[in-house]
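What follows is each chain in one-letter form.
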Amino acid sequence: MSESQDHRTVLLLGRTGNGKSTCANVIAGCDSDDPEQQLFRESETAVSETKDIHEKTIRIEWRRQTYHVTIVDTIGIGDTALPKEEVLKSLSTICSKYKGGLSSVFFLVKGRMTKEEADALDIICKVLFTPQICTVTTLIRTNFPGFMMPNKVSADIAALEQDEPGRKVMSMVSNVIHIDNPPLIYPHGKETRAQSREALLAKIVLSEQVYKPPEIAEVNKRISNYLEETATAEEKIARMEAERVKAQKELEIARKEAAANEERARLAREEADRLRQENALRRQRISHTHHSRSGCCIS
Ligand SMILES: Nc1nc2c(ncn2[C@@H]2O[C@H](COP(=O)(O)OP(=O)(O)O)[C@@H](O)[C@H]2O)c(=O)[nH]1
Ligand SMILES: [Mg+2]
């Protein structure tokens, strides 16, 4: 499907548990806390409910205009270290599925930004896409109850710029949106989600740029190269670790041998002392007997 005047495609990226599926439901205006009724399955556990790519195209009315928004929910990235084979392969299908282009990429982060999250976005931008994707990428700060308060929002942005992962992500996005999508059972959950939705829809609808992903063949080649490079780096780390463990074991063996040698030397010294004392005692006894005998003769 190619982007037309009334069509938008939104890609949601982020770590598992950062609120991608919830955000997808909020964009879609799906107000249900019954998992069976939800368009995208929200999960209370840290286990990813989205193993692959889930998409839904929704008809949305916004300021008296109708839009068709394709919402693309994805597998978690940056959950552990860098995105690995499974994650990259799963996400690579985006390049063939959305050849028409992506109008918005939402990178969801809650709380402190981790190095793994920042690195994961970096790899995705470089390996799957191209740096131009930044022009349509927005950092979405979820779980941010103060999102309607400008001073809280600017304080959060200033805090993000304080450490390396935050700075890295800020250099890869074109803007930041703060939202809060609490569970619907929370007091004011529904109203809070509706306010978040306004901010998200404005961004989606008003986004006029479209990012066209590279050809899938090129992406697959880049994934293979990346996996090869990282495998070599990982092998190097594993080899260094094995060498460190071996050296530590050798040191331990040498230490134990030295301790055993010292113990043997101590026992030998003790034995020598004991023998010396025995000999001295024996000599004393012999001399005593000799003197006694001589004394007997005199009397
Ligand atoms: N309070 C609050 N909870 C959220 C928010 N976004 C998601 N959640 C909760 O966080 C959990 C994980 O959300 P989910 O959308 O499944 O995360 P995903 O793994 O990124 O798809 C769920 O229990 C949601 O109800 C938010 O903005 N505020
Ligand atoms: Mg999910």
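Trainee: What am I meant to see in the overall build of the protein chain here?
Mentor: Each helix and strand in the protein chain was counted, giving 7 helices and 6 strands. Tracing the protein chain from N to C terminus, the helices and strands come up as β-α-β-β-α-β-α-β-α-α-β-α-α. Its C-alpha radius of gyration of 36 Å places the protein chain more than 25% over the 19 Å reference for a compact globule of 299 residues. Each principal axis of the C-alpha distribution contributes one length, and for the protein chain these read about 145 × 50 × 40 Å.

Trainee: What's the story with the domain arrangement of the protein chain in this structure? I'm lost.
Mentor: One frequently used descriptor of interface size is the decrease in accessible area upon assembly of the parts. The domains assigned to the protein chain are domain 1 (7-214) and domain 2 (237-299). Computed over C-alpha atoms only, the centres of domain 1 and domain 2 are separated by 75 Å.

Trainee: What's the story with helix α3 (residues 115-128) in this structure? I'm lost.
Mentor: Side chains of residues three or four places apart in an α-helix project in the same direction, reflecting 3.6 residues per turn. With 14 residues, α3 ought to run about 20 Å at 1.5 Å a step, and its terminal C-alpha atoms sit 19 Å apart, in line with that. Those residues of α3 lying buried are Glu117, Ala118, Asp119, Ala120, Leu121, Asp122, Ile123, Ile124, Cys125, Val127 and Leu128.

Trainee: Just checking my understanding: could you explain the site of ligand 1 for this structure?
Mentor: Among the 17 residues in the neighbourhood of ligand 1, the closest are listed as Gly17, Thr22, Ser43, Asp180 and Asn181. Side-chain polar atom of Ser21 to an oxygen atom of ligand 1: 2.9 Å apart, as the coordinates give it. Ser43 places a polar main-chain atom, nitrogen or oxygen, 2.7 Å from an oxygen atom of ligand 1. Here ligand 1 has 580 Å² of accessible area as a free molecule, and 88% of this is covered by the chains. Top contributing element to the shell around ligand 1 by residue count: helix α1 (residues 20-28), with 3 residues. The residue inventory of the shell around ligand 1, partitioned by class, reads 2 nonpolar, 10 polar and 5 charged.

Trainee: Sorry, what's going on with the side chain of Gln38 here?
Mentor: Tracing the backbone shows Gln38 in the loop between α1 and β2 (54-62). Accessibility expressed as a relative area gives 11% for Gln38, which makes it buried. Of the polar contacts made by the side chain of Gln38, one reaches the backbone nitrogen of Glu42; its length is 3.1 Å. Gln38 has contacts with Asn25, Cys30, Ser32 and Asp33, leaving out every residue within four places of it along the chain.

Rules used throughout
- Residues numbered from 1 in each chain as written.
- Chains lettered and ligands numbered in written order.
- Predicted model: local features only at pLDDT ≥ 70, side-chain atom pairs only at ≥ 80, totals over all residues.
- Heavy atoms only, no water.
- Helix = DSSP H or I, 4+ residues; strand = E, 2+ residues; numbered from the N terminus.
- Rg over C-alpha atoms; globule rule 2.2 N^0.38 Å.
- Domains from an automatic or database assignment.
- Expected span 1.5 Å × (residues − 1).
- Buried < 20%, exposed > 50% of the residue type's maximum accessible area, 1.4 Å probe, protein only.
- Near = heavy atom within 4 Å.
- Polar contact = N/O pair within 3.5 Å; in protein donor to acceptor, adjacent residues only side chain to side chain.
- Areas by Shrake-Rupley, 256 points an atom, 1.4 Å probe, with all protein chains shown as cover.
- Nonpolar A, V, L, I, M, F, W, Y, C, P; charged D, E, K, R; others polar.
- Contact = heavy atoms within 4.5 Å.

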